[in-house]
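Summary of the model geometry
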Amino acid sequence: MIELKHLCKEFQTPDGTLEALKDVSLTIPDGDVFGIIGMSGAGKSTLVRCINLLERPSSGSVLVDGVALEGLSEQALRPLRRQITMIFQGFHLLAQRTVLRNVCFPLELSGVRRREAARRALELLELVGLADKAGAYPAQLSGGQQQRVAIARALATDPKVLLCDEATSALDPSTTHSILELIRDINRRLGITVVVITHQMQVIEQICRHVAILDQGRVREAGEVAEIFAHPKSAAAKRLVFPEGSGPSPVRRNADEQLVRVIFNGADAAGSPLIARMAVEKGVEANILFASTRTIGEKVYGSMLLGLPAGAGQLQTARDYLTGVSNVVLEEVSDDAE
């Protein structure tokens with residue numbers, strides 16, 4: 001288990017002290033896929049580098065299985081770091097080594113004999129679907145293939161924790177999906193704890209069980225992905241879950257409309273023409289200003305921003321109709337909270 005307790009990290013800059021992390025406390029259970037999401041500058045990469053002490057925190061503690069890492073010497077940290085490996089956005093493969101020799105590299109550093117290292121590397125290349133590329137060089141591979149090699153290399157030392165720092169940010173959507181599925185499969189098959197650092201909501205949605213929202217160096221909210229996506233409480237979480245609130249509505253609203261947000265909380269109704277049915281059955285026509293749904297754990301979540309007729313009769317009819325659907329929540333939205 002990974003425990004971060006009151007973690008702070010400061011950097012000295014020409015303009016003064018920069019507080020990258022401010023009193024961050026998190027618990028990441030063994031075997032979890034834990035996401036840490038935030039916008040650029042939120043402190044995500046600093047946080048993930050503190051987990052294996054590539055960055056030493058200014059204060060606070062990082063405990064792995066009860067051991068406080070910040071109290072260890074560099075020599076004592078070295079074997080622990082082999083249990084907490086990383087993959088990055090930029091792959092970081094060695095251009096002059098073949099795919100096989102890249103995966104062998106951490107094993108060689110650990111003193112594993114060349115033949116045994118090659119055997120283990122081939123097993124890992126088979127795991128990530130690249131056994132046929134063992135003799136190729138990184139420049140001959142696509143971005144997705146290079147990331148698969150990086151994953152195989154990260155697994156070479158049989159780690160307990162895999163840290164993924166924006167690991168899919170440089171990939172196209174289709175490749176991103178396949179890499180995330182590979183990471184999820186590795187988590188299931190090997191039981192490795194995965195910590196995912198990202199600014200992309202779809203990454204969290206696809207593979208994470210728990211998530212922490214990081215904003216300006218602070219954890220604003222943390223918990224199960226489905227719960228936070230269904231009921232975001234902090235302003236930072238709402239900006240990520242309800243992106244329509246961060247700018248003007250994509251469709252012009254009428255002056256006489258009441259804005260409401262319809263939240264689908266694991267409802268089958270999210271996949272049905274609910275708004276169209278309301279127009280046919282109740283005669284209430286809604287102006288759809290924004291719509292976004294997502295599937296998490298085989299349940300559908302998401303939201304719609306609607307403009308409803310402001311007349312008392314139609315507005316109440318719409319409220320009654322929408323809230324009568326199982327797992328659908330209705331919130332009124334004021335003009336300054338769009």
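One structure accompanies this document, and this report is about it. Sequence order as written defines the numbering, with residues in each chain counted from 1. Side-chain atom pairs in this predicted model are given and counted only at pLDDT of 80 or more, local residue features only at pLDDT of at least 70, and totals for whole chains, interfaces and linings cover all residues. Each side-chain value is derived from all of the structure's non-hydrogen atoms; neither hydrogens nor water enter the calculation.

**Section: the overall build of the protein**
Selection rule: Put simply, DSSP marks the helices as runs of H or I at least four residues long and the strands as runs of E at least two long, and each gets a number from the N terminus on. Any pair of residues with heavy atoms lying within 4.5 Å of one another is described as a contacting pair. Accessible areas in this description were obtained via Shrake-Rupley with a 1.4 Å probe; residue shielding takes into account the shown protein chains only.
Within the protein, the regular secondary structure consists of 11 helices and 14 strands. For the protein, restricting intrachain contacts to residue pairs at least 6 apart in sequence, the fraction spanning at least 24 positions comes to 68%. When the accessible area of the protein is evaluated, it comes to approximately 16000 Å², of which 49% is carbon and sulfur surface.

**Things to note about the sheet that holds strand 6 (residues 84-88)**
To keep things clear, this is the line we draw: Whether two strands pair depends on DSSP finding at least two bridges between them. As a rule, the C-alpha atoms of each element are fitted with a line to give its axis, helices using only the stretch in contact, and angles between N-to-C directions run from 0 to 180 degrees.
Here we have six strands laid out as an open sheet, ordered 6-7-8-3-9-10, and mixed in their pairing. Each of the sheet's edge strands pairs with one partner strand only, and the pair in question is strand 6 and strand 10 (218-224). Ignoring which end each strand starts from, the neighbouring axes of this sheet average 15° apart. Bridging between strand 7 (residues 161-165) and strand 8 (residues 193-198) involves five bridges; their strand directions are parallel. Bridge pairing in strand 8 places Leu163 opposite Val195. The strands touched by helix 1 (residues 44-51) within the sheet are strand 3 (33-37), strand 6, strand 7, strand 8 and strand 9 (210-215), with strand 8 carrying the most contacts at an inclination of about 155°. In this fold helix 5 (residues 143-154) packs onto strand 6 and strand 7, with an angle of close to 170° to the strand it touches most, strand 6.

**Some remarks on the packing of helix 3 (residues 99-109) against helix 5**
Helix-helix packing is characterised by the crossing angle of the two axes and by the distance between the axes. Using the following cut-off: In what follows, roughly perpendicular refers to angles from 65 to 115 degrees, roughly parallel to angles under 35, roughly antiparallel to angles over 145, and oblique to any angle outside these ranges. When the near helix sits turned anticlockwise from the far one by under a right angle, the crossing is termed left-handed; a clockwise turn instead gives a right-handed crossing. Only Asp, Glu, Lys and Arg are considered charged in this grouping, and only Ala, Val, Leu, Ile, Met, Phe, Trp, Tyr, Cys and Pro are considered nonpolar; every other residue, Gly among them, is considered polar.
Put simply, helix 3 and helix 5 touch, their axes get as near as 8 Å, and they point 30° apart. When the axis of helix 3 is compared with that of helix 5, the two are roughly parallel. Every pair of crossing elements has a handedness; the one defined by helix 3 and helix 5 is right-handed. Only Val149, Ala152 and Arg153 of helix 5 make contact with helix 3, whose side of the interface consists of Val99, Asn102, Val103 and Pro106. Here the contact of helix 3 with helix 5 is composed, by residue class, of five nonpolar, one polar and one charged.

**Side note on unusual backbone geometry**
What counts here: Only protein chains enter the accessibility calculation, which uses a 1.4 Å probe; a residue is then buried when its area is under 20% of its type maximum, exposed when over 50%, and partly exposed in between.
Positive phi, close to 60°, is recorded for Leu53, a residue that is not glycine. Assignment of secondary structure puts Leu53 in the loop between helix 1 and strand 4 (59-64). The exposure class of Leu53 is buried, given its relative accessible area of 2%. Unusually for a residue other than glycine, Phe91 sits at a positive phi of about 70°. Residue placement: Phe91 occurs in the loop between strand 6 and helix 3.

**Let's talk about the pattern of salt bridges**
The criterion, for reference: In the sections that follow, a salt bridge refers to a side-chain nitrogen of Lys or Arg positioned within 4 Å of a carboxyl oxygen of Asp or Glu.
According to the stated counting rule, one finds 18 salt bridges in the structure shown. Among the ionic pairs, Glu74 bridges to Arg56, the shortest N-O distance being 3.4 Å. Taken together, the residues Glu74 in helix 2 (residues 74-81) and Arg56 in the loop between helix 1 and strand 4 connect sequence positions 18 residues apart. In this structure, Asp215 and Arg220 form a salt bridge, with 3.5 Å as the shortest nitrogen-oxygen distance. On the accessibility criterion, Arg220 (35% relative accessible area) is partly exposed. Among the charged side chains, a salt-bridge network with shared partners connects Glu116, Arg119, Arg120, Glu123 and Asp158.

**Here we look at the pairing of strand 1 (residues 2-13)**
Looking along a regular strand, one sees side chains alternate from face to face of the sheet. Pairing analysis gives five bridges linking strand 1 to strand 4, with the strands arranged antiparallel. By the bridge assignment, Cys8 is partnered in strand 4 with Ser59. Where strand 1 and strand 2 (residues 16-28) come together, nine bridges link them in antiparallel fashion. Each bridged residue has a counterpart across the sheet, and for Leu7 the counterpart in strand 2 is Val24. What sits between the antiparallel neighbours strand 1 and strand 2 is a turn of two residues.

**Some points on the nonpolar core**
The cut-off we apply is this: What we call a nonpolar core is a set of buried Ala, Val, Leu, Ile, Met, Phe, Trp, Tyr and Cys residues that are connected through their side-chain atoms within 4.5 Å.
Ile87, Leu125, Ile151 and Ile183 are the most contacted members of the largest nonpolar core, which has 56 residues in total. For this core, the leading source of residues is helix 4 (residues 114-127), giving six residues. Sequence-distant contacts of Leu125, defined by excluding residues within four places in its chain, comprise Val99, Leu100, Val103, Leu130, Ala131, Ala134 and Ala152. Leu7, Phe34, Ile36 and Ala212 belong to the second-largest nonpolar core, a separate cluster that totals 27 residues.

**Things to note about the packing of helix 3 against helix 4**
For the pair helix 3 and helix 4, interaxial distance at closest approach is 8 Å and the crossing angle is 120°. In terms of their interaxial angle, helix 3 and helix 4 are classed as oblique. As for the relative orientation of helix 3 and helix 4, their crossing is right-handed in sense. Between helix 3, through Val99, Leu100, Arg101, Val103, Cys104, Leu107 and Glu108, and helix 4, the contact on the second element is made entirely by Arg114, Ala117, Ala118, Arg120, Ala121, Leu122, Leu124 and Leu125. Within the contact of helix 3 with helix 4, the residues separate by chemical class into 11 nonpolar, no polar and four charged.

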